[in-house]
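# Observations on the three-dimensional arrangement
Here is how the chains run, residue by residue.
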There are 2 protein chains.
Amino acid sequence: MKRLSQIYPSDRISLREVGLRDGLQLVRTWPDTEAKRAWLAAEARAGVRHFEVGSFLPAARFPQFGDILEVIETAGTLGLHSAALALNERGVEEGVASGVSEVVCVVSATEEHSQANMRRSRANAVSLVGQLAARRDAIAPDKVVNAGIAMAFGCSISGAVAPAEVLRLAEACLDEGADIVGLADTVGYAGPRAVGALCAAMARLCGDRPFIIHLHDTRGMGVANAAAALDNGARVIDASLGGLGGCPFAPGATGNVVFEDIVFLAESMGFPTCIDLEGLKKARAIAEESMPGEAFHGALNRAGPPQNAAWRAKPAA
Amino acid sequence: MKRLSQIYPSDRISLREVGLRDGLQLVRTWPDTEAKRAWLAAEARAGVRHFEVGSFLPAARFPQFGDILEVIETAGTLGLHSAALALNERGVEEGVASGVSEVVCVVSATEEHSQANMRRSRANAVSLVGQLAARRDAIAPDKVVNAGIAMAFGCSISGAVAPAEVLRLAEACLDEGADIVGLADTVGYAGPRAVGALCAAMARLCGDRPFIIHLHDTRGMGVANAAAALDNGARVIDASLGGLGGCPFAPGATGNVVFEDIVFLAESMGFPTCIDLEGLKKARAIAEESMPGEAFHGALNRAGPPQNAAWRAKPAA
C-alpha cells in the first residue's frame, strides 16, 4: 500500500473534510451527484486533499449516499484521498471492492452506545475492524484501514468515559490491523483539557503513527479542542465545510467543527495547511446552493481573514 | 480601597460580563433602564459578580448609555462589582464622581488606532490613566483603576502589533497607577499561540497582580484563545451574554466571546465559576426580549450542558 506517511505525513497537519459524509448524515436536502462533484473540485482547487465522501449504507434508507461510488470515482479523478464509512460486514465488502482510498469502521467507546447505534458489542465492532484489515490485505492492499472511536470524550447514553477505556479500544483496533485510529467527540462533551490529555496519551500509544481527532462544536468548544489537540500531538483533524452536520444524539446542535475556522486556527498556530480561504469560500457557495435551508456556520467565512496583518504564523519549530 | 485581591482573587477566575457596555456599543435597539436592571438582577442570581455597565459618553451621541448612573446604582444595590469606560477627561471626572466600582481607560496598542479612535496619542492616553489614578486617589479611593490595551493582538489599521510594544504600554499604565491592565483582541485577529505567549509575558510582568483578557470571536477563535489565556496565567476574562457586541472596525462580525460558552470552558478546565447556566438562560431571555432583532450567539445555550456526565472538572491543582 501507499505508505501511510505519504497520505498523512507526520511532519505536517492534514485536514480531513467530512462534510460529504458526516455533514450529510442528518440533512433534509443534499447535493446531487453533479453538485458533489463541483464541491469536491472547488475544494481540491482550494488545496484540500483529504475527504470523507460518504457511507456504505442502504440507499433506500440513506439516499444521500446512494451515489457514493460515483463520488469516489470523482475524488479519484481529481487525485484526492477519499474515505468512506462502513458500519457492517456488507459495508466492509462494498468498501474494499470500491475505488475508495480509505475505509472507516466505527467502534463506540461505551457498550451502551455500541448496542444502541450499531446493534453490536464493542468487541464485535473491533473484530469488524480486523475483518476489514484482512479483506484489505487480501484484495485491496492500497487502501487505508481507519478505526474511529465514537463517544471518546463522553457518551450521551452512559455519561463519562474513562480515557483508559478509549486507549484500550484504540490499541485493540491497531492490534486488529487498523492503520490509523481516530478519537471522536461525537456529542461535543469535551473541553480542551480532556482533549489535550487524551491526545497526549494517544501520541504515546501511536508513536510515529498519526491519529485523527474528530470534533463537534456542539457546545462551542470545537476550535479550542482542536488547538489542544494540535498542542498535544494530533496532526490529522476532521472538520466540515461550514460546520455541516448535526448530531443524532443532540438535536438542533451545531455540527462538526468548521473547516474554514480550523484552517485559520492551524495557520495561526504555525501549522501550514496550503489551503486557500478564498477558494474555500467558493466551495462553500457551491455547497450552500446545493442544500437550500441547511445551516452553514463559521466566523472566518463571515469576517474574512485579518486585514493588514500576517495571520499565517511561521511554522512551529 | 477594597483590596484588588478581594475583587479579582488570584486563586480563582473572575468572568466580567461586558454585554451592557461593549455589547451595546453598536446596537440599533437597546434595553431600557428597567430591562437593564432585570438583566443585571437575573445574572446576579445566576452568580455573575463582575459587570461592565456602560460608558461615560455624551448621551446625545450614545443614548444607550444615557442611564449609566442609574444602572451603576442598581449594580451597587445588588452588591455587584460595576465597571464603566471613560474615554476622555470628562468621562474620567464623571466616573470618579459616580458610584461605579471601577473606571476603565483605553490605550490603543498602535499610534494609528489611537489617533483614529480617540483622537489622541498613545502617550496622551497613558497620561489619562495617570490622571484617573490621581483623581481616584484624591476623591474616590475605593475605585479600581483599569487600563485596557486595545488592538493588543493586531490592528485593523496598522496590522501586526509587536508583543513588546503591548508590554511596554501595559507597564506604563501600571506605572501611572493602574490597578489592573487588560489585553484586548479588539478585532479578533489572535490565535491561541499569540494569546498564550502574551498572557505568559503579562503574568511575568504583573506578578501577583491579576490582568484581564478581552476577546472577540470575530474569526471563531474566542474560546480557543480564552483556553490559551487560562493556560498561561490569565484569571480575569471578559465575555458578553450571547456574545453581544460587534466591532466598529469589522462590520457584520460576531462580537465578544460568548459568556455562557466561557463558563462551560472554564468549568471543563477545572476553574470553578460558581455560575449557574440555567440562570444565565433566564438572563439571556430578558436581554433578548429587550433587544428585538439583535443577534445572540453561543452554542452552549442552544445545546445545553452534557447529559449524564460530569462536565464541571475538578479544580486544577
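An unreviewed UniProt entry lists chain A under the name Hydroxymethylglutaryl-CoA lyase, with Ruegeria marina as the source organism.

Residue and element names in this part refer to chain A. Position of Thr 74 relative to the elements: it lies in helix α3 (residues 68-77). According to the relative accessible area criterion, Thr 74 is buried, its value standing at 10%. Of the polar contacts made by the side chain of Thr 74, one reaches the side chain of Arg 37; its length is 2.7 Å. Beyond its immediate stretch of four places on either side in the chain, Thr 74 contacts Arg 37 and Leu 40.

Take the packing of helix α2 (residues 33-46) of chain A against α3 of chain A next. What describes two packed helices is the angle between their axes and the distance between those same axes. Residues and elements named next belong to chain A. The contact between α2 and α3 brings their axes to 10 Å, and the two run at 25°. It follows that α2 is roughly parallel to α3 by the angle criterion. Two packed elements cross with a definite hand, and for α2 against α3 that hand is right-handed. Together, Thr 33, Lys 36, Arg 37 and Leu 40 of α2 and Glu 70, Val 71, Thr 74 and Ala 75 of α3 make up the contact between the two elements. Residue classes in the contact of α2 with α3 are distributed as three nonpolar, two polar and three charged.

This part takes up the relation of the copies chain B and chain A. For these two chains of identical sequence, chain B goes onto chain A by a turn of 180° and a shift of 0.0 Å along the axis, with RMSD 0.0 Å. Read as a symmetry element, the transformation amounts to a two-fold axis. The rotation axis passes nearest to the C-alpha of Ala 224 of chain B in chain B, at a distance of 1.8 Å. In this assembly, 100% of the residues forming the interface of chain B have copies in chain A that are likewise at the interface, indicating an isologous arrangement.

Reading the values: rules and limits
All residue numbers refer to positions counted from 1 along the written sequence of the respective chain. Whichever chain is written first is A, and whichever ligand is written first is 1; the rest continue in order. Confidence filtering applies because this is a predicted model: local features only for residues at pLDDT of at least 70, side-chain atom pairs given and counted only at 80 or more, and all residues used for totals across whole chains, interfaces and linings. To get the side-chain values, take all heavy atoms of the structure and skip hydrogens and water. Strands here are runs of E lasting at least two residues and helices are runs of H or I lasting at least four, both read from the DSSP assignment and numbered beginning at the N terminus. Exposure categories follow from relative accessible area, calculated using a 1.4 Å probe and restricted to protein chains: below 20% of the type maximum is buried, above 50% is exposed, and the middle band is partly exposed. Here a polar contact is recorded for every N or O atom pair within 3.5 Å, except that within protein the pair must consist of a potential hydrogen donor and a potential acceptor, and residues adjacent in sequence are included only if both atoms are side-chain atoms. The contact rule is simple, with two residues in contact once any of their heavy atoms fall within 4.5 Å. Here an axis means a line fitted to C-alpha atoms, over the contact stretch when the element is a helix, while the angle between two N-to-C directions is reported on a 0 to 180 degree scale. Oblique is the label for any angle not under 35 degrees, not over 145, and not in the 65 to 115 range, which are roughly parallel, roughly antiparallel and roughly perpendicular in turn. Crossings are assigned a handedness: left-handed for a near helix turned anticlockwise from the far helix by less than a right angle, right-handed for a clockwise turn. Residues are grouped as follows: Ala, Val, Leu, Ile, Met, Phe, Trp, Tyr, Cys and Pro are nonpolar; Asp, Glu, Lys and Arg are charged; every other residue, Gly included, is polar. Only residues with pLDDT of at least 70 in both copies count here: their C-alpha atoms drive the least-squares fit that superposes the copies.

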